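Remarks on the overall topology
One-letter residues, chain by chain:
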Amino acid sequence: MPLPPNLAVYVIPIILVVFYLSKCIQVLNEYERAVVFRLGRLLATPKGPGLVLIFWPIDRMVRVSLRVVTLDVPPQDIITRDNVSVHVNAVVYFQVLDANKAIIAVEDFLFATSQMAQTTLRSVLGQQELDDLLSEREKLNMELQTILDRQTDAWGVKVTAVEIKKVDLPQEMQRAMARQAEAERERRAKVIGAEGEYQAAEKLVMAADMMAAHPMSMQMRYLQTLVEISAEKSSTIVFPFPMEMLRTFGQMTMGNRPPDTPPPPPPPPPNPPAVA
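Residues numbered from 1 in each chain as written. Predicted model: local features only at pLDDT ≥ 70, side-chain atom pairs only at ≥ 80, totals over all residues. Heavy atoms only, no water.

Topic: a nonpolar patch on the surface
A contiguous nonpolar patch, built from Val-17, Phe-19, Tyr-20, Leu-21, Ile-25, Val-27, Leu-39, Leu-51, Leu-53, Phe-55, Trp-56 and Ile-58 and spanning about 1200 Å² of accessible area, is present on the exposed surface. Taken together, the elements giving at least two residues each to the nonpolar patch come down to α1 (5–24), β1 (25–28) and β4 (50–53). Considering each element in turn, the nonpolar patch owes the most residues, four residues, to α1. (Patch = residues over 30% accessible without salt bridge, like charges linked within 9 Å, V, L, I, M, F, W, Y side chains within 5 Å. Areas by Shrake-Rupley, 256 points an atom, 1.4 Å probe, with all protein chains shown as cover. Salt bridge = Lys/Arg side-chain N within 4 Å of Asp/Glu carboxyl O. Helix = DSSP H or I, 4+ residues; strand = E, 2+ residues; numbered from the N terminus.)

A few points about the sheet that holds strand β3 (residues 41–42)
Pairing between the strands of a sheet comes from backbone hydrogen bonds, and it takes one of two forms, parallel or antiparallel. Taken together, three strands build an open sheet; the order of strands is β3-β2-β5 and the sheet is antiparallel. Edge positions in the sheet fall to β3 and β5 (59–65), since each has one partner strand and no second. Relative to β5, strand β2 (residues 32–38) runs antiparallel, the two sharing seven bridges. Residue pairing for β5: Arg-38 is matched across the bridge by Asp-59. (Pairing = 2+ DSSP bridges.)

Some thoughts on empty space enclosed by the protein
Using the criterion set out here, one finds one cavity of 30 Å³ or more in the structure. What the largest cavity holds in volume is close to 40 Å³. Lining the largest cavity, in full, are Val-73, Ala-90, Val-92, Ala-117, Thr-120, Leu-121, Leu-144, Leu-148 and Val-162. Elements represented by at least two residues in the lining of the largest cavity include exactly β7 (85–96), α3 (109–125) and α5 (137–152). Of all the elements, α3 adds the most residues to the lining of the largest cavity, at three residues. Across the lining of the largest cavity, the residue classes tally to eight nonpolar, one polar and no charged. (1 Å grid on protein atoms, 1.4 Å probe; cavity = no way out; pocket = protein on both sides within 12 Å on 5 of 7 lines; lining within 4 Å. Points joined across faces, edges and corners; volume = space filled by probe spheres on them. Nonpolar A, V, L, I, M, F, W, Y, C, P; charged D, E, K, R; others polar.)

Remarks on unusual backbone geometry
Of note, the bond from Trp-56 into Pro-57 is cis; its omega dihedral lies within 30 degrees of zero at 5 degrees. Even without being a glycine, Asn-83 presents a positive backbone phi close to 60 degrees. You can see Asn-83 is positioned in the loop between β6 (69–79) and β7.

Some points on the environment of Asp-59
Summarising the element assignment, Asp-59 is placed in strand β5. Residues Asp-59 and Gly-40, 19 residues apart in the sequence, show an inter-C-alpha distance of 8.0 Å. Sequence-distant contacts of Asp-59, that is, excluding residues within four places in its chain, are made with Val-36, Phe-37, Arg-38 and Ile-54. (Contact = heavy atoms within 4.5 Å.)

A closer look at the packing of α3 against α5
Packed helix pairs are characterised by how far apart their axes lie and by the angle those axes make with each other. Between α3 and α5, the least distance of the axes is 10 Å, while the angle of their chain directions is 135 degrees. Relative to α5, α3 is oriented oblique. Helix-helix and strand crossings are classified by hand; for α3 and α5 the assignment is right-handed. Every residue of α5 that contacts α3 at Thr-113, Met-116, Ala-117, Thr-120, Leu-121, Val-124 and Leu-125 is listed here: Leu-140, Glu-143, Leu-144, Ile-147, Leu-148, Gln-151 and Thr-152. Residue composition of the contact of α3 with α5, by class: nine nonpolar, four polar and one charged. (Axes fitted to C-alpha atoms, helices over the stretch in contact; angles between N-to-C directions. Parallel < 35°, antiparallel > 145°, perpendicular 65-115°, else oblique. Left-handed = near helix turned anticlockwise from the far one by under 90°.)

Considerations on the side chain of Thr-80
Assignment of secondary structure puts Thr-80 in the loop between β6 and β7. With relative accessibility at 2%, the residue Thr-80 sits in the buried group. Residue contacts for Thr-80: discarding those within four places in its chain leaves Val-86, Leu-125, Gly-126, Gln-128, Glu-129, Leu-130 and Leu-133. (Buried < 20%, exposed > 50% of the residue type's maximum accessible area, 1.4 Å probe, protein only.)

Regarding the nonpolar core
Ranked by size, the top nonpolar core spans 35 residues in total, and within it Val-86, Val-88, Val-92 and Leu-125 carry the most contacts. Of all the secondary structure elements, the ones that give two or more residues to this core are β2, β6, β7, α2 (99–104), α3, α4 (130–135), α5 and β8 (157–168). Excluding anything up to four places from it in sequence, Val-86 contacts Gln-76, Asp-77, Ile-78, Thr-80, Leu-130, Leu-133, Val-167, Asp-168 and Leu-169. Ranked by size, the runner-up nonpolar core spans five residues in total, among them Ala-34, Val-36, Val-52 and Ile-54. (Core = buried A, V, L, I, M, F, W, Y, C linked by side-chain atoms within 4.5 Å.)

As structure tokens, this is what we get:
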């Protein structure tokens, strides 16, 4: 059914106005900014968030997110300074601080940051030795973050953190490191055992000095040993022998010998055979 001529005159302009407003009125989220180009020239201040008015087709808007972006750096083949081939991957956290620079200073700041992270990862880790790469993770992360932040600052991008995720070593290197760790553990075990023997010897010397200063302690230790032997329910037969009696016999033996008795003379040497 065709529209009346008078109604069509009002409906068509309304439709055009609604279509134009849908192109001009944009809604930006809290984390988004609109970089506006008016007749090809950049407006000084980005627009947003909230309701934004764009004069289409004079203005052209580019949305930029200000949230932190998590960039996964693919595994890189790296040869360390001590000629060990490893595969290293990392993760980079960055965000856009200046939306205008992120659009006009570089064609694609996401791709550019990814490529910069890969090249920086290879160049920095290639100057390190394998031991430093495995043990100095925090130091290397800070160095990578500083270099990337300095290089991406001209793009309005702030690198907040860089973390090395995984270091893949060849099987031969893993076996060599396992043997090295085993040898190191054995060395530590021997050193600890030697230190234990040294400390035990020191304690024995202290115990001997104490028993020599207190003779009754030897008798008490002797009786304690008898109690321990009898508690084991073994077939061992023990005959207690008083230490005083043994000491008395020793004194009696020394007392029977005259104090000034000279030792017996040595036997004379044999006569040499006569020579004819």
